[in-house]
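# Descriptive analysis of the structure
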Amino acid sequence: MAKTIVKNLIFFILVLVIAPALVQADVSPTYALVNCRIVPVGGPQVEKGIIIIRDGLIESIGTIGIIKIPEDAEVIEAEGLTAYPGLISAHTNFFIEPPKEERPAAEALQTAESQPEKPVAKRGSPAFSLLKPKKTTIEALHRIGITTILAAAGSGIFAGQSVLINLNGEAVEPMVVKNPVALHINFATERGAYPSSLMGTMALLRQSFLDAAYYASHRTRFEQLGRGMKRPEYNPFLEDLVPYVVDKKPIIFTCANQEDIKRALRLRDEFKLNILISGANEAWRVADALRKTPVPLFISLDFRPPMSSEYSQKGEEEKRRAEKDIYPANAKALSQAGLPFALTSFGLSDPATIQKNIRAAIYAGLPADEALKAWTITPAKFLGVDSILGSLERGKIANIILTRGEIFDEKTEIEKVFVDGVFFPVEKKAAEAQPAAINVAGTWKAAVRSPMGELDLTMELEQEGSKVSGALTSAMGRWEIREGTLSGSNLVFSIEATIMGQTMTMEFSGTAEKDSLEGTISTAMGNAELRASRVPKTSP
Amino acid sequence: MKKHILILFSILLLAASLIYGQSQNEGYTAIKGAHIIPVVGEDIPVGTILIKDKLIEAVGKDIVIPASARIVDGTGLYAYPGMIDSFCFLSLSEISSIPATIDYRETGRINPQVRSVEALRPDSMHIPITRSNGITAALVVPSGGLIAGQSGLIRLTGWTPGEMVIKSPVAMHVEFPSLGRRGFQREQEPREEASKQVIELKDWLNKARFYQKRKQAAAKNMLLQMPEFDEKLEFLHPVVNGELPLMISVHADKDIRAAIKFVQEEKIKAIFFGMTQGWKVAEEIAKAGIPVVFGSLYDMPPSWEDGYDALYRNPAALQKAGVKIAFSSQSASLAKDLPYHAAKAAAFGLEKREALKAVTINPAEILGVADIMGSLEKGKLANIVLANGDILELRTTISRVFIDGQEIDFSSRYTELLDKYKPRLKQKK
Amino acid sequence: MKKMIFVFSFILILSFSASPLWPGGNLLIKNGTILTVTKGVIPRGDVLIIGGIIKQIGENIQAPPGVQVIDASGKFVLPGIIDSHTHIALSGTNETGDVITAEVDMADVLDAEDLSIFTALSGGVTMVHTMHGSANPIGGRNVTIKLKRARPSEELVVRQAYPTLKFALGENPKQANRIGTTGPPRYPLSRMGVNAIIRRELLRARTYMSQWDRYNELRKSKNPPKTLLPPRRDLRLETLAELLRGNLVARCHTYRADETLEFINLSKEFGFKIACFEHIPEAYKIVPELVREGVGISIFLDNWAYKVEAAEGIAPMAAYCAQNGILVSINSDGAERTRRLFNDAAKAIKYGGLSEEEALKLVTLNPAIQLGVEKIAGSLEVGKHGDVAIFNEHPLSAYTRCEMTIIEGDICFDRSQYLSEREEAAKRQKEPKKG
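Residues numbered from 1 in each chain as written. Chains lettered and ligands numbered in written order. Predicted model: local features only at pLDDT ≥ 70, side-chain atom pairs only at ≥ 80, totals over all residues. Heavy atoms only, no water.

## Regarding the interface of chain B and chain C
Rules: Note on contacts: a residue pair qualifies if any of its non-hydrogen atoms lie within 4.5 Å across the two residues. Using a 1.4 Å probe, buried area is obtained as the accessible area two parts lose upon being combined, added over both of them. Criterion for a salt bridge: a side-chain nitrogen of Lys or Arg within 4 Å of a carboxyl oxygen of Asp or Glu. By the criterion applied in these results, polar contacts are pairs of N or O atoms within 3.5 Å in which, for protein atoms, one can donate a hydrogen and the other can accept it, and in which residues neighboring in sequence qualify only through two side-chain atoms.
Counting from both sides, the interface comprises 47 residues of chain B and, opposite them, 52 residues of chain C. Here chain B and chain C share an interface that buries about 4600 Å² over both sides, 59% of which is from carbon and sulfur atoms. For the chain B face of the interface with chain C, the top three residues by lost area are Tyr308, Leu394 and Arg395 of chain B, together amounting to 18%. In this structure, the connection of chain B to chain C is made through seven salt bridges. Here Arg424 of chain B ties to Glu289 of chain C by a salt bridge, and the two come within 2.5 Å at their closest N and O atoms. Across the contact surface, chain B and chain C share 25 residue pairs in polar contact (both at pLDDT 80 or more).

Written out as structure tokens, the structure reads:
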């Protein structure tokens, strides 16, 4: 019964994505989860428990028998299942569709007059305005227990403000829990424009912070005086910045390596900013600096050593060793150092990898209960939503997952997910993992068309079962394929590309036939079409 | 009046020097009292080298010096054979960033027809500087593409290209397709592409063989049709005949193995060049009997795993495995540094004498001119360097240099420019 | 009595403790040929480093308890080599997004994990001035670092060194060899443009300074106007103001003699200090002027002819300039040459007949003076930092090899240890892998 209702509901939403004003609560039933074990996080466990969900919230929670099942409740028998708070990934780039960048018009010859006196920073769009939720991704995230994510744009120095969303459907507005959450800043560079280098980025950040403070003080003075003073010229970029620089709203710095973390700390100290640090898979290497003045850390479970790391420079073997043995121990080291952190899926797109890496962090020594906190109450606290999310308590949002087994155990499967009190049945993985229908191994000639121009590529693919690996080679260098899967004729992989010294991840998804391949590469900078044809083997 | 006398005087001087210069070309010159290091044969602590015209007439302790001989006092000096740079761009490149001054690179990938010695610039400013440091001959090479062209051996003196050429062609130059990694960078060409290029190379050699066969057959039998003229195949003849060696630029161990296989399958003469990972396959190279010319050692190691000193210890590893080795500058503006590449290898395990051989007799043998140069021996060209110490040493001053029996002048861009500006020091401040 | 016990226990601790009691490294280098650079050669001498500082140089020094002894018999001990101009250990070289980029600071992008630190150490280098590139007429602030291995980036910075600002003249800033650059040509395209744009920025900086002066004066006045606002802070102009105030010194990349003289004129026009000219292959043409100005040069010994403005750079220049009263250092400009700077120094003997001591100064004391760190580095003297290189043969021999590099008494490179580790690794690889 419940299932059909939910199915109908999803269908409803699918049909009416353009009319997102419809709120689920109107049709959402009241649920009673009975006989489940409850791990509320931050409170004692309940062996035989009951949770009542009404209007998207936890109406009551406790031991069975003490709490009565309301008359209007749909009873869900949860014997043998464990209820956990839904997991929160506190930094992701999911669902962000960056605006198509216009190709810059051919630049004219620079002259002494045309040179700008001061460099202008690009203003990032708020993540909310770029949000395009995808059903398949939401399902995939539900399957690993994630019910809430922080979505932020991935590119640009000033990357706009992030939005916290509950994965409760596909319409954007009902998903929003908090917006804006924080301003995101990346230690990125511009191509062919200022700043083209990291030191330029640092200078631009400093100048922008100074300008914002100056702009605010000018405006305040103007407002105080009322007249007799020329009004400050309106500046939308600085307007965006003032709340963070003057009013100390949170800024999230994405830090790819230990030096980035130190850079973020320096900026915090220089400008008295309220910062959070994300990425930070090298946080343990700067634990001393972090301990001096603690900062909320959103630790990514991406264990690939950053390009700058010596582990990346000493050959493939060393790099693999570091990815396997050294970087997974980051969280454990931070926990031993007493530094507060949340764990995030930042940098990872494949749910299986996210899950695998949580286990790797635990295997490396992070206590499982700390891992759970780092996925629930800690990120909720860092994001300022711990009164409504992050644990199973009365009155909090009903983001609940029901598992068979301990949450992070390898064999554990998540069976049921509630987000904002809406029930989502979790389909078994088996449905997804079709065996590969064809063999794509071999060499392919490919052309990529993007708004930035065309690029010819040679793809070398290798295939083992449904796993696909290999590399893409072009005039821009050689990019390795990671996490490639061929399911049926659907080919998905991600590419770690280094372009002008910057590493970025690109996702390919498309379909493969015997001798042709086509699909889309999505990058932080926009999407590109890829078409490839097989290069026949030369017989020697 | 004073001015006129000055001019007259200088004309006289000039005339005198011309006459003197001519007389130098003929007759005997004896270098007396020097410590002679002939490279081939025992060192002679105090000895004489007798030069007649272009050639060495005698080397030894007790040499009878003809009365007419011009005497060069070598007391306190060391005499060495002139050094040979086995791979450089001298006379083909002046200012490396200015394409107008670069003549060792052609467009296209297959250029067996081009000859480096046909682009020589005898006036190159790099030549006087190089020979003043004891380098008297150099292999000047074309570069780029798959088949770069033919190199030639030149003497570092002469008014015309013709006067400079000692031997041409010396080798046909090939850039071996890379199957693996090279340098800190990842491989540039996918493996498949590389093996395709090896196939292409083999294909060219095969075609050259057929082309030659058909031509020979047609020459014997008027009824057979001559093959259509093909420039590239014409110039690959000497390679497939085993007359002209291929000098193969190859670096990574994987590639070196592939190159050895290629050489053996094609049954051609070969010299390897570069070989930054040669030490990994030293035994195999030695077994194949292919000599090796190293490029500049002033480079970073190919990969971290190879070690910081990979390039420095590479020559010792190959030499000890029994490979015949030679050094090169791989440069034009820094061709003068040839001895220091050898010394660097000596600092990392190569015996000093082997290092010296690798810039004298070994290159002469590898380039097929050991009968006329590479050591101080009777009958060889009188390419002689006098120095106040070890010629591979940085602190050593080169005192005199003879090329083909003729003493060369040490004036160069260095001295000319310095002399021009020295008077400024006396200028009133 | 109590005191006695204290002293006694202190001695006890001293003699049994393997870990050093002083902060910084402790080492005794014994029986080496000590090339002090400033105080002659000790044929068989010792150098004692305590707490990172040279405490004693001489013969037959006894090792204090717990201090590691390095046997340098048959070896040469010299001050760590200093590279006055390179670009290693940085995440970035040029800020090419603009023409004037005085606001950028290379200290912001130190990369302590750059493997070039290790390769430089393998050539006896202990300190480098690592700089912004030469793409812009005014680049950015540079930073002097010690190559302390496996230490956090902030610990590398040498605070005693001059704060320096990079300038560049000639072909690079005017983009004469546009290889690898894209986009339309930019202003300036000529040497006159380069000079004009530097002058423009310095004039702007002057204006900026006077705006602040006026503001401060008004603010302190009895009745400051209610509408008084401070000028907008501009980091680019603030950096240049620091230069004009003398708190920052110029390091100027220059090739031709003429452009160098023009830059000297600019420095007089605006009253800023030039610490050193970089590369300057035509320095020998303007020796009187350089001597008069007291500006040193940081050069390649003989690397030349890679562009038109480098086609008159001559190898004898180092010796010639040094002999005529110019402070000369030899730089690498990059990771490869930095590890053989001692070879370049030796060439100043061949080309121009510099004495061995003077030749060694080109890569030790002279760069130290140019960087303003001669009180702590550049020679082996008591009281200076224990930054030492040990070579198997005389460092000016072509056959020499660096065996050990020490920074503040800590061994940062040890060839014999490196070799044994490499052997171990090779053995491990040969063993059949389990599983």
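After presenting the structure, the write-up continues.
## Focus on unusual backbone geometry
Stated precisely, the cut-off is as follows: Numbering of helices and strands runs from the N terminus; a helix is a DSSP stretch of H or I covering at least four residues, while a strand is a stretch of E covering at least two. Relative accessibility thresholds used throughout: buried, under 20% of the residue-type maximum; exposed, over 50%; partly exposed, between the two (1.4 Å probe, protein chains only).
Here Asn179 of chain A and Pro180 of chain A are connected by a cis peptide whose omega angle stands at -10 degrees. Tracing the sequence through the fold places Pro180 of chain A in the loop between strand S10 (176-178) and strand S11 (183-186). Residue Ser168 of chain B is joined to Pro169 of chain B through a cis peptide bond whose omega torsion reads -5 degrees. Tracing the backbone through its elements, the reader meets Pro169 of chain B in strand S9 (residues 165-175). We note that Phe95 of chain A has phi near 70 degrees; this positive angle belongs to a residue other than glycine. Within the secondary structure, Phe95 of chain A is located in the loop between strand S6 (87-92) and helix H2 (127-130). When its relative accessible area of 9% is taken as the criterion, Phe95 of chain A is described as buried.

## Quick word on the nonpolar core
We apply this condition: Among buried residues, the Ala, Val, Leu, Ile, Met, Phe, Trp, Tyr and Cys ones that are joined through side-chain atoms within 4.5 Å form a nonpolar core.
Counting 316 residues, the largest nonpolar core has Phe209, Phe253 and Ile277 of chain A, Phe272 and Phe327 of chain B together with Phe263 and Ile297 of chain C as its most contacted members. Per-element accounting of this core gives the leading share, 11 residues, to helix H5 (residues 198-225) of chain A. If we skip the residues at most four places from it in the chain, Phe263 of chain C touches Phe167, Leu169, Ile198, Ala250, Cys252, Phe272, Ile274 and Phe277 of chain C. In this structure, Phe493, Phe508, Leu517 and Ile521 of chain A belong to the second largest nonpolar core, which totals 25 residues.

## Focus on the packing of aromatic side chains
Note the threshold: Any Phe, Tyr or Trp ring, taking Trp's six-membered ring, that has another such ring centre within 6.5 Å forms a pair; planes under 30 degrees apart are called stacked, those over 60 apart edge-to-face, and the others tilted. Look at NZ for Lys and CZ for Arg. If either is within 6 Å of the ring centre and within 35 degrees of the ring normal, a charge sits over the ring.
Going through the model one piece at a time under the given rule, you end up with 35 aromatic pairs over all chains. Ring centres 5.6 Å apart and planes at 20 degrees place the aromatic pair Phe187 of chain A and Phe253 of chain A in the stacked group. Here Phe187 of chain A, found in the loop between S11 and H5, pairs with Phe253 of chain A, found in strand S12 (residues 251-255); they are 66 residues apart in sequence, far enough to count as distant. Each member of the pair Phe187 of chain A and Phe253 of chain A is classed as buried. An angle of 20 degrees between the planes, with centres 3.9 Å apart, marks the rings of Phe89 of chain B and Tyr104 of chain B as stacked. In this pair, Phe89 of chain B sits in the loop between strand S6 (83-88) and helix H2 (126-131) while Tyr104 of chain B sits in the loop between S6 and H2, placing the two residues 15 residues apart along the sequence. We note that Phe89 of chain B, like Tyr104 of chain B, is buried. When the ring centre of Trp204 of chain B is taken as origin, the NZ or CZ atom of Lys207 of chain B, which lies over that ring, is 4.2 Å away. Geometry around Tyr255 of chain C places Lys307 of chain C over its ring, the cationic atom sitting 4.2 Å from the centre.

## Looking at the domain arrangement of chain A
Quick note on the threshold: A domain assignment, automatic or from a database, supplies the domain bounds used here.
Segmenting chain A into domains produces domain 1 (1-86 + 390-427), domain 2 (88-95 + 120-365 + 384-389) and domain 3 (442-534). On a C-alpha basis, the centroid separation for the pair domain 2 of chain A and domain 3 of chain A is 27 Å.

## A word on the environment of Tyr308 of chain B
Mapped onto the fold, Tyr308 of chain B is located in the loop between strand S12 (292-294) and helix H8 (310-321). Taking the relative accessible area as the measure of exposure, Tyr308 of chain B reaches 3% and is therefore buried. Apart from residues lying up to four places away in sequence, Tyr308 of chain B is in contact with Pro301 and Phe348 of chain B together with Phe118, Thr119, Ser122, Arg339, Cys402, Phe413, Arg415 and Tyr418 of chain C.

## Points about the sheet that holds S6 of chain B
Residues and elements named next belong to chain B. Defined as follows: Only strands that DSSP links by at least two bridges are regarded as paired with each other. Fitting a line to C-alpha atoms yields each axis, with helices limited to the stretch in contact; the angle taken between N-to-C directions then spans 0 to 180 degrees.
Spatially, S6-S7-S8-S9-S10-S11-S12-S13 is the arrangement adopted by the eight strands of the open sheet, whose pairing is mixed. Bordering the open sheet on either side are S6 and strand S13 (325-326), each of which pairs with just one other strand. Here strand S10 (residues 246-250) runs beside strand S11 (residues 270-274); their pairing, made up of five bridges, is parallel. Bridging across to S11, Val250 finds its partner in Gly274. Packed onto the sheet, helix H6 (residues 253-266) meets S10 and S11 and runs at close to 160 degrees relative to S10. In the packing of helix H9 (residues 338-347) onto the sheet, contacts are made with S6 and strand S7 (135-140), and the angle to S6 comes to roughly 95 degrees.

## Here's the deal with the environment of Ala441 of chain A
Residues and elements named next belong to chain A. On the secondary structure map, Ala441 appears in the loop between strand S18 (422-425) and strand S19 (442-450). Ala441 sits in the partly exposed class, given a relative accessible area of 30%. Residues Ala441 and Met459, 18 residues apart in the sequence, show an inter-C-alpha distance of 9.7 Å. With sequence-adjacent residues up to four places away left out, Ala441 is seen in contact with Leu461, Glu462, Gln463 and Arg534.

## Things to note about the sheet that holds strand S9 (residues 143-146) of chain C
All names here are of chain C. Strand order across the open sheet formed by three strands is S6-S7-S9, with mixed pairing between neighbours. Each having just a single partner strand, strand S6 (81-86) and S9 make up the two edges of the open sheet. Strand-to-strand twist across the sheet, computed as the mean angle between neighbouring axes with direction ignored, equals 15 degrees. When S6 meets strand S7 (residues 125-130), the two strands line up parallel, connected through four bridges. Residue pairing for S7: Asp83 is matched across the bridge by Val128.

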